[in-house]
Every structure is written in structure tokens, then in C-alpha cells.
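# Structural features, examined
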Protein chains: 2
Amino acid sequence: MKNVADLAGVGVKTVSRVINQERYVSADTIARVMRAAEQLQYQPDVQAGNLRRADRRTDTLGLLVGSVANPFSAAVHRAVEDAAIQRHVAVFASSLDDDPERERASVEAFLRRRVDGLILTTIQRSQAYLGPQLEQGMPVVFVDRKPNGLIADTVLTDNLEGAARGTRHLLAAGHRRIAFLGDSEEIYTAKERKRGYLDALRLEGVAPDPRLVIENLGEEAQAELAVNELLALDDPPTAIFSAQNLITIGAIIALRAQGASERVALVGFDDVPMASLLSPAVTVVAQDPSAIGAIAARRIFERLDGESEPARDFIVPTRLIKRGSGEIRPA
Amino acid sequence: MKNVADLAGVGVKTVSRVINQERYVSADTIARVMRAAEQLQYQPDVQAGNLRRADRRTDTLGLLVGSVANPFSAAVHRAVEDAAIQRHVAVFASSLDDDPERERASVEAFLRRRVDGLILTTIQRSQAYLGPQLEQGMPVVFVDRKPNGLIADTVLTDNLEGAARGTRHLLAAGHRRIAFLGDSEEIYTAKERKRGYLDALRLEGVAPDPRLVIENLGEEAQAELAVNELLALDDPPTAIFSAQNLITIGAIIALRAQGASERVALVGFDDVPMASLLSPAVTVVAQDPSAIGAIAARRIFERLDGESEPARDFIVPTRLIKRGSGEIRPA
DNA sequence: CGCGTTTATGACATCGTTATCAGAAAGTGG
DNA sequence: CCACTTTCTGATAACGATGTCATAAACGCG
């Protein structure tokens, strides 16, 4: 900046004024400074500016997701980015990989870089460590999972109602023996989805069969095994409600291997890539990661703009997409 | 930092020494400072430190990709992140969306934040605007596409050989009328893949039929139309080589709608999600985005560590994954 | 014990920018 | 023409950290 000032024959403060488009600079001076800046390829150093600037904004956001390579997270990321770019805010994205250690490390890395706000998918038992930041007024929005030990804005898929809806869809098709395949019991979303499944059964007066409820399926292969076992039962389920993405894929593989994919109905929670090109095409309760990201970003910026109402939850509705596998009727 | 120093009863410089684990601090002092830092929840401001620090590193990288929501880009991103995190480097990711305006804006945003290096998938006609940065020694690695008007490290999929390999695979199955479906002619990768296709035909002594070469397919729907037209020809192709992801999906949809998916062979360039669960399962020439990201990141860090050999290209090989659709023989 | 070396510490300048303030120049109204 | 406001400009301090340098205490060794 000094160099630009010297070249333009003005003081540094005047250059600063031109760069920040402040008032009270003559047209002639603006032109001279712009020319000098152009000539020297000058790019202001935002970080240095933020050091002194009154609002201390870094125009930077931290985003912590499961994995940037996971389609759900990637869609959230994209929506956040689209909102951020309009305000010239850059986004640090970091992957969590269900590793509590990495959660802490990433959040610390964000804080050391003085991000203006945080959007977090968390895994740790407690997020109380963020208390001081919240008290200091840093906007923090949790996404997909509720924080523990902390009250903060949270954007959630309507897991309960979505799971209930998917289950009701199978019930409406006439199924009574509907299996549930779920993720680790410790995950908030997994618990909610299971609750939705049970609620829907109860409302219809169907007693849940514990042998049909299988949880703690972490990956495809485990889901495959689970389905194999279900089909080997004396009175196997006529339908499956799969409460997560990868589990749904595992179920598809197993059903197909057993030649049961045209006979046993399947509804999955969370959309599956290429679902409409599979046969049968997969009926799902789709989440809306794009909306989730957009709402989270909107909230962050509202807070930055001074909104101070108490923290609240934002519930994003799901959408039932009928494609075929969920419309199979019991024999 | 001042506060920590006061609380610990030492000078700021001593706190700085403790934080940066410099030599010549007594164990007792270290303990006192650590305790004070803990108590005040002190997080050093990296940006402020970098202002004065000799190497002027911000421990920050800029990554510009097609879209963070696109699986290929997301895999590259993930690989870069994994390499970066080991060095406590944070990554700014930005989506390009084939918008030259956005390319410039994002790169400027990165530069204003003084990133240590750039990893770029570019779209602009020329990247000469990065000349000054390169000369100043900022590491810049281009990914997936060669830069124009600039010499810099570049990581590329072996598009030419990959496309040739896919085409040879179809030739080996006995096909002679092999259609080519390609992306916009202006894209570097599209050109290379077409060249690979033509080379393979030539080597086998098959004269390319211009009616079977269709380019400028930007999206699925266009690919679908193109396949419909191909199948309507007097002597339609017995096989299709699709040079890009979305085009392959469009082709699958069209082949299926025409009831031709079991008859007309298909090999796609770039893997397709769930490809093995489709029927027929899709044979592809897979790229290795993870390797691409890892190599790009490695190169950035090598350069930051002082490596100064001339810029070079890194060619990442492809892998032919036979799944069924590419092994269909001509009637 | 004396002298050189190593260890330990803090004062101060500095990085690139913006905030504050002072002051000059130009315009406005009576 | 004078007082008063508005416009325009730059000197200087400050932001939160590190680099440099000076100084003092502790240590090692003949």
C-alpha cells in the first residue's frame, strides 16, 4: 500500500480510502490511485486490514462437515458457498470423518484464523467448548445434528416425520412386517429416524417386532449381512425401511443377490445417486441438503447483521420420492 | 496475548515464545504461561502473526474446482484437505461453475487473503493474469486442465491414453462402428479424449465415420437426444464411447428407453456413481481424482519447501473397470 | 575465582492496514 | 468579506503478533 501511495503521490490513508470506497476523495485522486494500484498489481491484505478494522470481520466462514467428499455434505457446502460469495466471504471447509479429535482440531484451526462464523456438523459428546465463542457473539449454526451442552441455532432435517412418512408409505401399501435398518444408536439423526419408524407403526396399531429392528449398521457390508439374516427368518419382512444412505445401498445389493428386489419393498431415508436408473428404481425420503446449507448460511449472516433473537431450530422438511421399490405390495 | 502475558506476569515476547515452542524458556515459565492461556481461552491470531513472521506463511491454500458439489471435484478437494491438515494448513475451496468471471473473482479473493499456494481448475481463455504471482514464487498447480499463456505445474488425467484404451476395449470386443459422444470442443480434456478415440480407431485401421462423432454435449438431455439420433441411423453404431460423466448417464437413459442397453455396448470416460448396480453394469475408464488431489497438494508443499525445478506435468493414469456394458459383442 | 558461553527474559520496532484527529482548501450564506 | 460547513488530505497511533537486540542470570571449565 505504501508503494501505491508513493507512486500516486498521496498518503497511505488516501489509498486506503480509495480501496474502501470511502467518501471525501476527489475524482482526480481516485483515478491516480487506481492507476497506481493497477500498475503495481496491488491486492490489499484483508487480514492486515481486519487487524485494525472496527468490526474485526475477516469475511471468512468455517464449515465443518462429515466429509467434503460425501454428496450430502458437498451439497451443503455448495449452498453455503453460494450464499457466502455474494457477500465476498470465503469459506474454509474441513472434513470431520466422525473423528472427535479432528472436530476439536478443525474448530481450533478456524478460531485461530478468526472466522466470522461457524457452521458445524459435530460428533463430539459435547460442544460446550464453544461456549466462550457463543458468549462473545460469534455466530455458530449447527447442521444436521443437535449440539450437546450448548444452546445454539440448529438446522435439522425433519428426521422424525420423514421416517414416519416413509414407514406410513409402506404401511399404506399393505405391509405389516416392515424391517428397520439403522445407523449407530448414538447418532442423533439415527435415533430420531428410529423413533419416526416406531411412531408410524404404533399409530397404525402394528406391534414392532424386535427381530426386524437392526441398528448399528455403519457401512454397506453390514447392511448386506443384516438383510440376508432378515430374509432367512421364518416369517421374513415384506418391506424394509432403511434409515440411511449407505445402508440403503447395502440393502439393494443384498435384496438383489437374494433375488428379492422385486418382491420385498424398500424405502430409504436420504436419496441415493442414480436411484431412478436402478431396477427397481429406489423410493426414498429425500433430504434437502441444499436448503439446509442455505438456511444455515442465511442464519449466520443474519446474526452478523445484528439479529439477536434467541437460538432456535430450523426444521427442513423431507420429500417422498416414489420411484418403484417402495410401491411393491406384499404378496 | 497481552492479557495472557499480564496474567502470567511475563512479557508478551515470552508468551510468543511459549506458543511457538521456541527454545530458551524455563519450564516454570512455560507452565505459568500455559496455565494463563488456558484460563483465558487464548487462541493466537495466525493472521496477525503472519504479518510480521519472516516467511510470511498464512498456512492457507486456495482450491478452485468446477463445483464442490461435483463428485470429481469433491474427491480432489478431500485429497488436498488430507494432505493439508497434516501441515496445519487450512483450505479455501471455491466453485467455478464454468464462469470465467467467477474464476477471476475467486482467485482475487484467494490472493487478498494471502494464501500460500493455489490449486486451480481453470476455465478462462488465459491464466496470464497469474504471471506476477508465479514470478514472486507463489506455488500454483493446475489440475485437470492445462493453463494457457503460462507455464506451471499441472496434474492431468491421462485423457489421451484413457480414451484410447476405452476405445481399444470396444474394438477388441469386435466393434467397428463405435460412436463418440463428447463435451464442448473448447475444453482441453474433451479434445484429448477425442484424439484418443480417433488414434485408437486409426491404429486398428478403422476409418472414423463423422456421423458417429457427436460433440458439444453439455448435459444429460443433449446426450440422450444424440443417442436417439445415432440409433435411428441406417447403420447405427454397435458401441458407444462416451467421453464424460453426465454424457454417459444420458446415454444410459437413452439406450434403456430404446431397449438397446443389452445390445449396444457402452464404455464411459470417468466413473459413474452406482455403476456396478445398474444393469447392465457400466464399464468405464475411471479417473483417479484422489490421486490428482494428492499429487497437486504434494507439489504445492514441495514448492513451499523450496523445490525449484522447472514446472512439469504430472500424468495420472486411468483404470479400465469392466462391469458388463463394455463387454457386449456386436450382433 | 574469573571469564566465556549458554539460557532466559523483555523493550521496542515492525508487518500492512484502518481509526482518529488535525488541518487545509473550497464552498455557502448573510 | 467573514464565519461556518463541507470536502479533501495526511501524520500518527493502533491492531496482535514476531524479529531484533540488549541485558542479566546461571553454568562450565581451567
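This text follows the structure it describes.
A brief look at the structure comes next. (Residues numbered from 1 in each chain as written. Chains lettered and ligands numbered in written order. Predicted model: local features only at pLDDT ≥ 70, side-chain atom pairs only at ≥ 80, totals over all residues. Heavy atoms only, no water.)

### Considering the overall build of chain A
Within chain A, the secondary structure is distributed over 12 helices and 12 strands. On C-alpha atoms alone, chain A measures out to a radius of gyration of 26 Å, which is more than a quarter above the 20 Å that the 2.2 N^0.38 rule sets for 331 residues. Dimensions of chain A, computed from the C-alpha atoms along their principal axes, are close to 90 × 40 × 30 Å. Residues counted as buried form 54% of the 331 residues belonging to chain A. Of all intrachain contacts in chain A linking residues separated by at least 6 positions in sequence, the fraction that spans at least 24 positions is 66%. Just so you have it, chain A exposes about 14800 Å², and 49% of that area is on carbon and sulfur atoms. Treating the 40 positive side-chain charges of chain A as one cloud and the 45 negative ones as another, the clouds have centres 5 Å apart. (Helix = DSSP H or I, 4+ residues; strand = E, 2+ residues; numbered from the N terminus. Rg over C-alpha atoms; globule rule 2.2 N^0.38 Å. Buried < 20%, exposed > 50% of the residue type's maximum accessible area, 1.4 Å probe, protein only. Contact = heavy atoms within 4.5 Å. Areas by Shrake-Rupley, 256 points an atom, 1.4 Å probe, with all protein chains shown as cover. Lys, Arg positive; Asp, Glu negative; His and termini not counted. Charge placed at Lys NZ, Arg CZ, Asp CG, Glu CD.)

### Structural notes on the protein's contact with DNA strand C
Not every one of the 29 residues close to DNA strand C is listed here, only the nearest: Ser16(A), Thr14(B), Arg17(B), Thr29(B) and Arg52(B). Those atoms of DNA strand C that come within 4 Å of the protein belong to sugar or phosphate at a rate of 65%. Here a base nitrogen of DNA strand C and a side-chain polar atom of Arg17(B) are 2.5 Å apart. Broken down by secondary-structure element, the contributors of at least two residues to the surface near DNA strand C are helix H2 (12–19) and helix H4 (46–52) of chain A together with helix H2 (12–19) and helix H4 (46–52) of chain B. Looking at the surface near DNA strand C, the element that brings in the most residues is H4(A), giving 4 residues. In terms of residue class, the surface near DNA strand C is built from 10 nonpolar, 9 polar and 10 charged. (Near = heavy atom within 4 Å. Polar contact = N/O pair within 3.5 Å; in protein donor to acceptor, adjacent residues only side chain to side chain. Nonpolar A, V, L, I, M, F, W, Y, C, P; charged D, E, K, R; others polar.)

### A word on the interface of chain A and chain B
Each side of the interface is counted separately: chain A has 47 residues, and chain B has 46 residues. Approximately 4200 Å² of surface area, both sides summed, lies buried where chain A meets chain B, with 56% of it carried by carbon and sulfur atoms. Contact with chain B buries area across many residues of chain A, yet Gln43(A), Arg113(A) and Leu277(A) alone supply 16% of it, more than any other trio. At the boundary of chain A with chain B, the tally comes to 8 salt bridges. (Buried area = accessible area lost by both parts, 1.4 Å probe. Salt bridge = Lys/Arg side-chain N within 4 Å of Asp/Glu carboxyl O.)

### Comments concerning the packing of aromatic side chains
Going through the model one piece at a time under the given rule, you end up with 7 aromatic pairs over all chains. Consider the rings of Phe92(A) and Phe110(A), whose centres lie 6.4 Å apart with planes at 25°: the pair is stacked. Of this pair, Phe92(A) sits in strand S2 (residues 90–95) while Phe110(A) sits in helix H6 (residues 100–112), and the two are 18 residues apart along the sequence. By the ring-pair criterion, three or more aromatic residues cluster together here, those being Phe92(A), Phe110(A), Phe92(B) and Phe110(B). Geometry around Phe92(A) places Arg113(A) over its ring, the cationic atom sitting 5.9 Å from the centre. (Phe/Tyr/Trp six-rings, centres within 6.5 Å; stacked < 30°, edge-to-face > 60°. Lys NZ or Arg CZ within 6 Å of the ring centre and 35° of its normal.)

### Re the side chain of Asn50(A)
Residue and element names in this part refer to chain A. Structurally, Asn50 is set in helix H4. For Asn50, a relative accessible area of 5% corresponds to the buried category. Discounting residues that sit within four places of it in the chain, Asn50 has contacts with Arg56, Arg57 and Thr58.

### Observations concerning unusual backbone geometry
Cis geometry is found at the peptide bond from Ser279(A) to Pro280(A), where omega equals -5°. On the secondary structure map, Pro280(A) appears in the loop between strand S9 (265–269) and strand S10 (283–286). Not every positive phi belongs to a glycine, and Gln41(B) is a case in point at roughly 55°. Relative to the helices and strands, Gln41(B) resides in the loop between helix H3 (27–39) and H4. The class for Gln41(B) is partly exposed, based on a relative accessible area of 45%. Phi angles above zero are rare outside glycine, and His88(B) is one such case at about 60°. Mapping His88(B) onto the fold places it in the loop between helix H5 (71–85) and strand S2 (90–95).

### Considerations on the sheet that holds strand S9 (residues 265–269) of chain B
Residue and element names in this part refer to chain B. The 6 strands lie next to each other as S7-S6-S8-S9-S10-S12, forming an open sheet whose pairing is mixed. Edge positions in the open sheet fall to strand S7 (213–214) and strand S12 (319–321), since each of these has one partner strand only. Against the sheet, helix H9 (residues 188–203) makes contact with strand S6 (178–181), S7, strand S8 (239–242) and S9, and its axis sits at roughly 170° relative to S6, the strand it touches most. (Pairing = 2+ DSSP bridges. Axes fitted to C-alpha atoms, helices over the stretch in contact; angles between N-to-C directions.)

### As for the relation of the copies chain A and chain B
Note on the identical chains: chain A maps onto chain B by a rotation of 180° and an axial translation of 0.0 Å, with an RMSD of 0.1 Å. The superposition of one copy onto the other is thereby described by a two-fold rotation axis. Taking C-alpha positions as the reference, the residue of chain A nearest the rotation axis is Phe92(A), at 2.3 Å. Same-surface contact between copies: 98% of interface residues of chain A are shared with the interface of chain B. (Least-squares fit on C-alpha atoms with pLDDT ≥ 70 in both.)

### Some thoughts on helix H3 (residues 27–39) of chain A
Residues and elements named next belong to chain A. The terminal C-alpha atoms of H3 lie 18 Å apart, and with 13 residues this matches the ideal 18 Å at 1.5 Å per residue to within 8%. Turning to H3, its buried residues number three or more, namely Thr29, Val33, Ala36 and Ala37. Along the axis of H3, the buried residues cluster in a sector spanning 100°; they form a single face. Every exposed residue of H3 that faces more than 90 degrees away from the buried side is listed here: Ala27, Asp28, Arg35, Glu38 and Gln39. For H3, the elements touching its buried residues are helix H1 (2–8) and H2. (Expected span 1.5 Å × (residues − 1). Arc of directions from axis to C-beta.)

### So, the pattern of salt bridges
Residue and element names in this part refer to chain A. Tallied over the entire structure, the rule returns 55 salt bridges over all chains. Taking the shortest distance from any N to any O, the salt bridge between Asp199 and Arg202 comes out at 3.2 Å. Residue Asp199 and its partner Arg202 are both found in helix H9 (residues 188–203); the two are separated by 3 residues, about one turn of the helix. Using a relative accessible area of 25% as the deciding quantity, one classes Asp199 as partly exposed. A relative accessible area of 55% places Arg202 in the exposed class.

### Some words on the protein's contact with DNA strand D
Every one of the 29 residues lining DNA strand D counts as a neighbour, but Thr14(A), Arg17(A), Thr29(A), Ser16(B) and Asn20(B) are closest to it. Each atom of DNA strand D within 4 Å of the protein belongs either to a base or to sugar and phosphate, the latter forming 64%. In the environment of DNA strand D, a phosphate oxygen lies 2.8 Å from a nitrogen or oxygen atom belonging to the side chain of Tyr24(A). Sorting the residues of the surface near DNA strand D by element identifies H2 and H4 of chain A together with H2 and H4 of chain B as the ones contributing at least two each. With 4 residues, H4(B) is the single largest residue contributor to the surface near DNA strand D. Of the residues assigned to the surface near DNA strand D, the class counts are 10 nonpolar, 9 polar and 10 charged.

Keep in mind that these numbers describe shape and distance, not what the molecule does.
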